[in-house]
Amino acid sequence: MLTVETFDTLAQAAGAMTPESRFLGGGTLIMRGVNYGDQSFQRIVRVRDRSLREIRSESGRIVIGAGATMADVMAASETSFLADVARQVGGPAVRNMATIGGNLFAPHPYGDFTTALLALDASVRLSDGSEQPIENFLSARSSMRGLVASVSVSRPMGDEFRFRKVSRVKPKGVSVMSIAVWLPRQGGRISQARIAFGAMGPTPLRAKAAEQALEGVNLDAQGIEQALSVATAGLSPMDDSLASAWYRNEVAPVHLRRVLLGEGNR
Amino acid sequence: MSSIEFRKDLFADERDDTLKEIGKPTIRQDILGHVTGRSPYFDDHLFEGLLHMRCVRSPHHHARIRSIDTSAADRMPGVRRVIRPEDVPNNLNTLLALINFGKDDEALLQGKKVAYVGEPIVAIIAETERQARDAAAVVRVDYEVLPHVLDVEEALEPNAPVVSETYPNNTFDYHELYDHQKLRFGDVEKGFAEADHIVEGRYQMSPIEQAPTETCGAIAAPETNDRFVCYTSTQALFFSLGTTAKLLDMPSSQLHFIGGTVGGGFGGKVDSLHEPLAVLGSKLTGAPVKYIFDRAEEMQVGAPRGAERWYIKDGVMNDGRIVARQFTGFFDCGAYTRLSSYAIIKGTGHLPGPYSIPNVASNVYCVYTNRTPATAMRGFGITGVDFSIECHMDKVAEAVGMNPIELRILNAYRDGDMKAHRRLAKNTALIECCQVAASKADWAISAQAAAQTSLQGGGGERAAIPETVTDQAGKIGERRRNKIPTAPGEGASAKGRVAAGTSVAPIIAVPPQRDDMIIDPARTGHRKSAAEQSPAVPSVHSAPIAPPRYTPPTPPTQAPMAPPPAAPVAQPQQQAAAVQPAAAEPYKPTEPFQKGIKRPGVSRFISGTRRR
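Residues numbered from 1 in each chain as written. Chains lettered and ligands numbered in written order. Predicted model: local features only at pLDDT ≥ 70, side-chain atom pairs only at ≥ 80, totals over all residues.

## With respect to the overall build of chain B
Counting its secondary structure elements, chain B contains 17 helices and 17 strands. Restricting to contacts in chain B with at least 6 residues of sequence separation, those with at least 24 account for 80%. (Helix = DSSP H or I, 4+ residues; strand = E, 2+ residues; numbered from the N terminus. Contact = placed C-beta atoms within 7 Å.)

Written out as structure tokens, the structure reads:
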């Protein structure tokens, strides 16, 4: 028998979580599981704390509450640099419900927003107040206890941040892959680039070899050549109904080139 | 509506434009309810104490069931009843049994051997859907996994695993004679010898799921007087009712079926899988029971349009005339027949497409594999081969360096032409369609092609049935013993010739005065008294049952679609002797087709060949 429990605070909810519980964010994944007979959980836990939806600036970083929806991100002025990413998640009905916190846990091939957060070196704050880099969070999320309270990111400059979702059906298709890049530049040359791929592994993953190959190069066809050749190093794409792992590996450098050079923008 | 352009200039004299509905845009009768959200679907009917049913399904392509242990499921919370295969009163059926075509091959719940992933074995009825799912998860089935076959041509190998014991050759038996449906018209070998080019192609399409918005399902509940009401999403209400009556061995007068809103069918809701189980569940629990596919089941277990593979070989002259066309077709019907056997008959009647080709030969196989059984979907039987034919027409156009639309116009059938299934073509509008399509697409065609019309140039010599070469390769079971070629005529030891003009006379049994007067006692569910079953009555059985228009392709009858080659029909047992020229008289059966006569001690539901 499935039960639903509602708590006033995130801390109480976190205390009530068991392996057979699922925390309800927007419900776009959990309720689908309920409707389609997911037998892996017996309890749904939710909180009625509205502050979880807040988006605010805090000491130079943007803090996005775990309960903020994609629509909230699109509407808030603080997160204008992420509006385009949020707009590419689902359709309007999904964006009105789907939360940033839920997206952090969305299994392959979902998690486009998390891919962007990974490229932006976000930091994840848990309900116990501890904070960890998103990369550490993602690598341990399947065994994680506790709940996410918020994520924080620093605002990228100008066109430093770029995102592209590759899907077969537009505008609401699921990702064949998504690519987010953060390209800080010093004197025209790239420095400390971050590249994240979504739907190219069990969680969004960084393409670290490609990041290193971009160090100190110019952002042009010649400069990125080396990065493209190692674009898929460290990724582990899967076969699914949208694309085979082989196909994903083949097209990843093509899409990465388009993102880096701003080709094919519509 | 504005996107429709009526080309009333074409065939104006063949049409009555004063009609009120035909040729005019119309509003669907149910659209108002749909767009206002008021159409009631089967799942909108609420019942106090509704129980939910879920099936335990095979995880294997092919496995023998050693044992089924449901004791843990019986003890699960909320479980009201576990239905095992032996609880189904008459647990063997084939869909087309209702029109006496084919042998019963499929169980409602399979207790002996599963032949595809997702085949139902046990049904659980519980108070909530979740409880039913949880109980289904603890049913223990002991499987002996068997080798499986998933490819149509591999399934025809002599040593291929046997998918269905009802059809041990992995092919549907056509006309109790061949493991495929034959079509022979003229002499393709002669045509190939004359041709300037031979163009061959292989075409294949995958299974296609109908993907309805509302998944297949039914709710059954007890009514008064031992009747059961069943709200269902079926596309074929009385087909489902008849199937339920047969599987549950109960008179159809006890079944009150309510349908009407289908929630998207497209062919995928004719298989009547839900109604029998829902009614059985309701009967066994005395409570209302709902059985509905979830989306994963709809995709995995719900029957799709079957996969097809076609080989086409054309003999083409330099000027683009196609003088011979040969087909070898394989329908992947999955593990059980459902409707695929009929799709092949329908597809064969369509060959060689909308073209006049003087020499045509075709072998089409209905092949059993360990895949999800295939069923109906929008034009099934035609769609796959039409895709193949039109791809091949483009290939032919390329081979002879011709404009593909002009090639089609050159070879198009015209009014009065003889089709390969020995019916005269009429109202053939392909030429006009090509011309209009070319102009809409700004595709230039020659003045000569633009001047053609389907009304002229047909008939005459083109109306003649040519001398036809026949063969008797591919008898039922032959392929199991030796590997023999699948293409028409190849490897045939016995060939025959049927003289030009030979045609089989249609049988006309005494027709009922009106169509709605056809009554089949076996289908009404009323048991007849012994007196009524006396030999004096058979005319009651036989006369009304011979359908005046649709004839199931049983050999002694003239099937309007695609008769097998005339010779085997006329003299099925004659081998080389069939070489003799035409018999003086065209073949005429001595008695009209009749359905099997009931015998004491024999189930009235045994269908097809075993009935007789």
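## Remarks on the nonpolar core
The nonpolar side chains of a soluble globular protein tend to be buried with one another. All names here are of chain B. With 90 residues, the main nonpolar core has V122, I124, A278 and V367 as its most contacted residues. At six residues, the largest contribution of residues to this core is made by strand β5 (residues 120–126). Two domains each put at least three residues into this core: domain 1 (44–146 + 210–300) and domain 2 (172–201 + 316–504 + 551–587). With near-sequence residues (within four places) excluded, I124 lies in contact with M53, R54, A73, V79, V82, A132, A135 and A136. (Core = buried A, V, L, I, M, F, W, Y, C linked by C-beta atoms within 7 Å. Buried ≥ 20, exposed ≤ 12 C-beta atoms within 10 Å, placed from the backbone. Domains from an automatic or database assignment.)

## Some words on the sheet that holds strand β5 (residues 61–65) of chain A
Adjacent strands of a sheet form backbone hydrogen bonds with each other and so pair up, either parallel or antiparallel. Residue and element names in this part refer to chain A. Pairing within the open sheet is antiparallel, and its five strands lie in the order β4-β5-β8-β6-β7. The sheet is open, and its two edges are formed by β4 (55–58) and β7 (131–133), each paired on a single side. When strand polarity is set aside, the average angle formed by the axes of neighbouring strands in this sheet is 25°. (Pairing = 2+ DSSP bridges. Axes fitted to C-alpha atoms, helices over the stretch in contact; angles between N-to-C directions.)

## Some words on the domain arrangement of chain B
Residue and element names in this part refer to chain B. With domains assigned, chain B is organised as domain 1 (44–146 + 210–300) and domain 2 (172–201 + 316–504 + 551–587). Relative placement of domain 1 and domain 2: their C-alpha centres are 39 Å apart. Class assignment of the residues belonging to the side of domain 1 that touches domain 2 gives a composition of eight nonpolar, ten polar and three charged. (Nonpolar A, V, L, I, M, F, W, Y, C, P; charged D, E, K, R; others polar.)

## Some details on the domain arrangement of chain A
With domains assigned, chain A is organised as domain 1 (3–47), domain 2 (51–154) and domain 3 (161–261). For domain 1 of chain A and domain 3 of chain A, the distance between their C-alpha centroids amounts to 34 Å.

## Describing the interface of chain B and chain A
Each partner contributes to the interface: chain B provides eight residues, whereas chain A provides five residues. The set of elements that each furnish at least two residues to the side of chain B that touches chain A consists of α3 (129–137) and α8 (295–300) of chain B. Looking at the side of chain B that touches chain A, its residues break down into two nonpolar, no polar and six charged.

## A word on the pairing of strand β2 (residues 63–69) of chain B
For a regular strand, side-chain orientation follows a simple rule: the groups alternate between the two sheet faces. Bridge analysis of β2 of chain B against strand β4 (residues 113–114) of chain B gives two bridges, and the strand direction is antiparallel. Looking across to β4 of chain B, one finds that A63 of chain B is bridged to V114 of chain B.

## Digging into the environment of Y178 of chain B
The residue Y178 of chain B is located in the loop between α4 (152–155) and β7 (181–185) in this model. Through-space distance from the C-alpha of Y178 of chain B to that of S356 of chain B is 27 Å; in sequence the pair is 178 residues apart.

## Topic: the sheet that holds strand β13 (residues 308–316) of chain B
Residues and elements named next belong to chain B. The strand order across the open sheet built from five strands is β7-β15-β14-β13-β8, with neighbouring strands paired in mixed fashion. On the outer flanks of this sheet lie β7 and β8 (197–205), each paired with one strand and no other. With strand direction ignored, the average angle separating the axes of adjacent strands in the sheet is 10°. Relative to strand β15 (residues 360–368), strand β14 (residues 322–334) is paired through nine bridges, and the arrangement is parallel. Along β15, the bridge assignment pairs G329 with V364.

## Notes on unusual backbone geometry
At the junction of H108 of chain A and P109 of chain A, the peptide bond is cis and its omega measures out at 5° in the coordinates. For P109 of chain A, the location among the structural elements is in the loop between α6 (100–105) and α7 (112–119). Cis geometry marks the peptide bond from K170 of chain A to P171 of chain A, where omega comes out at 10°. When you line up the elements, P171 of chain A lands in the loop between β9 (161–167) and β10 (175–182). Despite not being glycine, H175 of chain B shows a phi value in the positive range, around 55°. With respect to the helices, strands and loops of the structure, H175 of chain B is situated in the loop between α4 and β7. Take H175 of chain B: there are 19 C-beta atoms within 10 Å of it, and that puts it in the partly exposed class. Positive phi outside glycine occurs at D226 of chain B, with the angle close to 60°. With respect to the element layout, D226 of chain B can be found in the loop between β9 (217–222) and β10 (228–232). Owing to 11 C-beta atoms within 10 Å, D226 of chain B belongs among the exposed residues under this scheme.

## Here's the deal with the environment of I179 of chain A
Residues and elements named next belong to chain A. In this structure, I179 sits in strand β10. Given 28 C-beta atoms within a 10 Å radius, I179 is considered buried. Measuring from C-alpha to C-alpha, the distance between I179 and S57 comes to 26 Å, with 122 residues separating the pair along the chain. Each residue touching I179, except ones within four places of it in the same chain, is listed here: R164, F197, H255, L256 and V259.

## What about the environment of E5 of chain A?
Residue and element names in this part refer to chain A. Relative to the assigned elements, E5 resides in strand β1 (residues 3–7). Residue classification places E5 among the partly exposed residues on the basis of 14 C-beta atoms within 10 Å. Considering only alpha carbons, one finds E5 and E263, 258 residues apart in sequence, at a separation of 49 Å. In contact with E5, not counting residues within four places along its chain, are A16, R43 and V45.

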